[in-house]
Amino acid sequence: MRRVKKSVVVVTMMLFSMMLFSMMNVHAANKKLKVNKVYTTTKKIKGKTKKKYLVKVKIGKKIYKKKASSKGNFTIPIPKQKTGKKLTVKVYKKKNKIWKLYTKKTVTVKKKSKKVVTNTTKKNKYPGKEDPIDLKQVNKDLATGKKINKGQLDLGAGHYRYFLNFGDLKGTAKVGYVENYMNVETDGEIVTLKAINGCTLYYTVAGAGEKSLSQLEDPTKESNCLKPGEKVTFSCYDYDAGKGSLNLKVKGYKNGKLIILSYYAHYMIKPIALR
């Protein structure tokens, strides 16, 4: 009977020890300390722990320390270190006015690898189809009157253009993948403008006999608008073509970003009735 009791006691103690060890491991695992990677170019160790806890890093004989913010973030300036150097980040919590070790973590200094420029990166030297246009730069380039022709030579869909002040017409422009998002057709009497591929177009228009392209106001989001798939026609009977053109300024937006810009004169002439 005594042997049975002793066995029960031993088993109970073992179970208790295992539970206690497990609880200690869980407690240790719950300790919060995150340290960002440290490279040979790193001048500041950054990471996150418990709020207001003290963080220390000892390098040689010098100790670098900083208190974590109210959100637990910390940034500690350090000298640049060599590859392979091991740095121990220690965190302390204050108890009864005494800083006691809370947790620690060792990080190894890594060499910062250079960014490899692949052939794909070289090929993609033009902006993407939905990348926003720098309107400030476009207006600056237009104002200089200098002819600019950047991008691919093809004028069709799928080709990027940065084409300003072309020919003898100051103020003309085609920027972005214009043909991908707007379609313009003219038969001499009618010019048709259509918004395509999910692009919303804002436009201003005038016959060349009414206003020159440079006099025509730039479109804003208060101007006439075409939603994707919508179209509008301009008739030579409604606009004074003057020298034989319809001046049309268009800005195209997709997902809230300005992605195309077209300031252009489109062929239009009122037929002369012969008697």
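Everything below is about the structure printed above this text.
Attention in this report is confined to the structure presented alongside it. Computed from a predicted model, the values in this text were never measured in an experiment.

Reading the values: the criteria
- Residues numbered from 1 in each chain as written.
- Predicted model: local features only at pLDDT ≥ 70, side-chain atom pairs only at ≥ 80, totals over all residues.
- Heavy atoms only, no water.
- Core = buried A, V, L, I, M, F, W, Y, C linked by side-chain atoms within 4.5 Å.
- Buried < 20%, exposed > 50% of the residue type's maximum accessible area, 1.4 Å probe, protein only.
- Helix = DSSP H or I, 4+ residues; strand = E, 2+ residues; numbered from the N terminus.
- Contact = heavy atoms within 4.5 Å.
- Lys, Arg positive; Asp, Glu negative; His and termini not counted.
- Salt bridge = Lys/Arg side-chain N within 4 Å of Asp/Glu carboxyl O.
- Polar contact = N/O pair within 3.5 Å; in protein donor to acceptor, adjacent residues only side chain to side chain.
- Phe/Tyr/Trp six-rings, centres within 6.5 Å; stacked < 30°, edge-to-face > 60°.
- Pairing = 2+ DSSP bridges.
- Axes fitted to C-alpha atoms, helices over the stretch in contact; angles between N-to-C directions.
- Arc of directions from axis to C-beta.
- Patch = residues over 30% accessible without salt bridge, like charges linked within 9 Å, V, L, I, M, F, W, Y side chains within 5 Å.
- Areas by Shrake-Rupley, 256 points an atom, 1.4 Å probe, with all protein chains shown as cover.
- Charge placed at Lys NZ, Arg CZ, Asp CG, Glu CD.

**Concerning the nonpolar core**
- By size, the foremost hydrophobic cluster in this structure holds 37 residues, and its most contacted members are V138, L164, L193, L201, Y203, F234 and I260.
- Here this core takes 5 residues from strand β17 (residues 257-267), the largest share from any one element.
- Sequence-distant contacts of L201, that is, excluding residues within four places in its chain, are made with Y181, M182, L193, K194, A195, N224, C225, L226, V250, K251, G252 and I260.
- In terms of nonpolar packing, the next biggest core, distinct from the first, is built from 19 residues, Y53, Y64, V89 and V107 among them.

**A word on the side chain of R161**
- Here R161 shows up in strand β9 (residues 161-164).
- Of the side chains bearing the opposite charge, E179 lies closest to the buried R161, which forms no salt bridge; the N-O distance is 6.5 Å.
- One polar contact links the side chain of R161 to the main-chain carbonyl oxygen of Q152, over a distance of 2.7 Å.

**Some points on the packing of aromatic side chains**
- Taken as a whole and judged by the stated rule, the model has 6 aromatic pairs.
- For the pair Y160 and Y177, a centre-to-centre distance of 5.7 Å together with 55 degrees between the ring planes defines the contact as tilted. Taken as a pair, Y160 in the loop between β8 (148-151) and β9 and Y177 in the loop between β10 (173-176) and α4 (178-181) lie far apart in primary sequence, 17 residues in all. An identical accessibility class is assigned to Y160 and Y177; each is buried.
- Taking 5.9 Å as the distance between ring centres and 75 degrees as the angle between the ring planes, the aromatic pair formed by F234 and Y239 counts as edge-to-face.
- You can call Y239 partly exposed: its relative accessible area is 21%.

**Let's talk about the sheet that holds strand β7 (residues 98-108)**
- With antiparallel pairing, 4 strands are arranged side by side in an open sheet as β4-β3-β6-β7. Of all strands in the sheet, those with a lone pairing partner are β4 (62-67) and β7, marking the two edges. In this sheet, neighbouring strand axes are inclined to one another by 25 degrees on average, regardless of whether the strands run parallel or antiparallel.
- Note: strand β3 (residues 54-59) against strand β6 (residues 86-95), 4 bridges, orientation antiparallel. By the bridge assignment for β6, V57 is matched with V89.

**Description of helix α3 (residues 135-144)**
- Listed as buried for α3 are V138, D141 and L142. Angular distribution of buried residues about the axis of α3 spans 100 degrees; they occupy a single face of the element. Exposed residues pointing more than 90 degrees away from the buried face of α3 are listed as K136, K140, A143 and T144.
- Contacts made by the buried residues of α3 are with β8, β9, β10 and β17.
- The positive-phi residue at the C-terminal boundary of α3 is G145, with phi of around 80 degrees.

**Describing the pairing of β3**
- Strand direction decides the pairing type here: β3 and β4, joined by 6 bridges, are antiparallel. Opposite K58, over in β4, you have I63 as the bridge partner.
- The antiparallel pairing of β3 with β4 creates a hairpin that spans 2 residues between the two strands, and G60 there sits at a positive phi of about 65 degrees.

**Comments concerning unusual backbone geometry**
- Of note, the phi angle at N96 is positive, near 55 degrees, even though the residue is not glycine.
- With respect to the helices, strands and loops of the structure, N96 is situated in the loop between β6 and β7.
- Accessibility expressed as a relative area gives 69% for N96, which makes it exposed.
- Even without being glycine, N255 reaches a positive phi, approximately 55 degrees.
- Inspection of the secondary structure assignment puts N255 in the loop between β16 (245-254) and β17.

**Structural notes on a positive patch on the surface**
- Together, K32, K34, K48, K50, K71 and K105 make up a positively charged patch on the protein surface.
- With respect to the secondary-structure elements, K105 resides in strand β7.
- A residue is classified by how much of its surface remains accessible, and K105, at 35% relative accessible area, is partly exposed.

**Focus: the pattern of salt bridges**
- Here the structure, examined in full by the defined rule, presents 4 salt bridges.
- Across the pair K254 and E130 runs a salt bridge whose closest N-O atoms are separated by 3.1 Å. Of the two residues, K254 sits in strand β16 while E130 sits in the loop between α2 (119-123) and α3, which places them 124 residues apart along the sequence.
- A relative accessible area of 30% means that E130 is categorised as partly exposed.

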